[in-house]
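# Breakdown of the fold
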Amino acid sequence: MSATFHKMHGNGNDFVLLDLRAQDYALDSNGVRAMADRHRGVGFDQLLVLYPPTTATALARVEIWNADGSRAEQCGNGMRCIADYLHRQGEAGDDPFSVEGPVETIHMAWIEPGMTRVDMGRPAFGPDAVPTNLVPNGDEYSLDIDGATCRFGAVSMGNPHVVIRVEHAATAPVARLGPAIGHHPAFPRGCNVGFAEITSRTGIRLRVHERGAAETAACGSGACAAVAVLQRAGLLDDEVEVVQNGGRLIIGRNADTGSIWMTGPAAHVFQGMIE
Ligand SMILES: N[C@H](CCC[C@H](N)C(=O)O)C(=O)O
């Protein structure tokens, strides 16, 4: 069994894209973990799998796997790469198009070579949406970690996110608090943990410890989650530049629909064959 794959990345958050609409390749958690191995496999933060669509308008049905073999409901950088791939394949033109995401239809558009835009849908707040068994005080959650109380926002972008406001992202305790919160029983499906430094009403610096992958160079849904939480707190305007270690994104809020859109880079690195 072998298949053609595409290696891509969005601001250094790297992916293997496996287009299984016209080829077969059996996948399970063990196989995904092996493929993700950066020494014995191809290496990726997430695996993006395209299957034939189940609706007339979508170009593909998308499944997302993390490097640890777990499944994810959303991947913002990955969706931007899928948009670039579908345009590169000649399946998408300059008009918006859509794919069936794991939990909802995702609308996207190609902007220019290496630049795409994705409508990431409406953020969902509240414990049941995230999901978490914590009870918020207003919009703020708190959790005692190592004897200290950690306060944060929480939101679902399809996938679960915690957003912690920090003075300086560069010195945020990502390696310690990321796993401690991300794997905490208060989050039955785990969560991605973002550390956001507000630099202005139109700018943040962000680092994200990702569920199923550890800290990544960039996290697209994490950027959307951080902007959604901080906008809800009245701290950010409708359009924000999010700077992460791997690069920058423009995140905006559609005032009419309440959905969050994301514009940023998508790069195709190489095509290969996996056994
Ligand atoms: N680790 C995430 C999936 C990938 C998210 C990230 N790579 C993005 O760009 O949104 C999760 O398990 O929810």
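Cut-offs and rules
Residues numbered from 1 in each chain as written. Predicted model: local features only at pLDDT ≥ 70, side-chain atom pairs only at ≥ 80, totals over all residues. Heavy atoms only, no water. Helix = DSSP H or I, 4+ residues; strand = E, 2+ residues; numbered from the N terminus. Buried < 20%, exposed > 50% of the residue type's maximum accessible area, 1.4 Å probe, protein only. Contact = heavy atoms within 4.5 Å. Domains from an automatic or database assignment. Buried area = accessible area lost by both parts, 1.4 Å probe. Salt bridge = Lys/Arg side-chain N within 4 Å of Asp/Glu carboxyl O. Polar contact = N/O pair within 3.5 Å; in protein donor to acceptor, adjacent residues only side chain to side chain. Nonpolar A, V, L, I, M, F, W, Y, C, P; charged D, E, K, R; others polar. pLDDT = per-residue confidence, 0-100.

## Things to note about the environment of Val 130
Checked against the element boundaries, Val 130 lands in the loop between β8 (115-119) and β9 (141-145). Note on Val 130: relative accessible area 0%, which makes it buried. Note: C-alpha distance between Val 130 and Gln 89 (41 residues apart in sequence) is 35 Å. Discounting residues that sit within four places of it in the chain, Val 130 has contacts with Tyr 141, Ala 154, Val 155, Ser 156, Pro 160, His 161 and Phe 187.

## A word on the domain arrangement of the chain
Taken domain by domain, the chain holds domain 1 (3-121 + 265-274) and domain 2 (141-258). On a C-alpha basis, the centroid separation for the pair domain 1 and domain 2 is 23 Å. Taken together, the contacts link 21 residues of domain 1 with 20 residues of domain 2. Here domain 1 and domain 2 share an interface that buries about 1,400 Å² over both sides, 47% of which is from carbon and sulfur atoms. Looking at the side of domain 1 facing domain 2, the largest losses of area belong to Asn 11, Glu 73 and Met 120, adding up to 39% of the total buried there. Viewed at the interface, domain 2 and domain 1 are joined by 2 salt bridges. Between Glu 73 and Arg 211 there is a salt bridge; the shortest N-O distance is 2.5 Å. Across the contact surface, domain 1 and domain 2 share 9 residue pairs in polar contact (both at pLDDT 80 or more). Residue composition of the side of domain 1 that touches domain 2, grouped by class: 5 nonpolar, 11 polar and 5 charged.

## What about the confidence of the model for the chain?
As a general rule, the predicted coordinates of low-pLDDT regions are not to be interpreted in detail. Overall, the predicted model of the chain reaches an average pLDDT of 97, with 100% of residues at or above 70. Interface confidence in the predicted complex, given as ipTM, is 0.97; pTM for the same model is 0.97.

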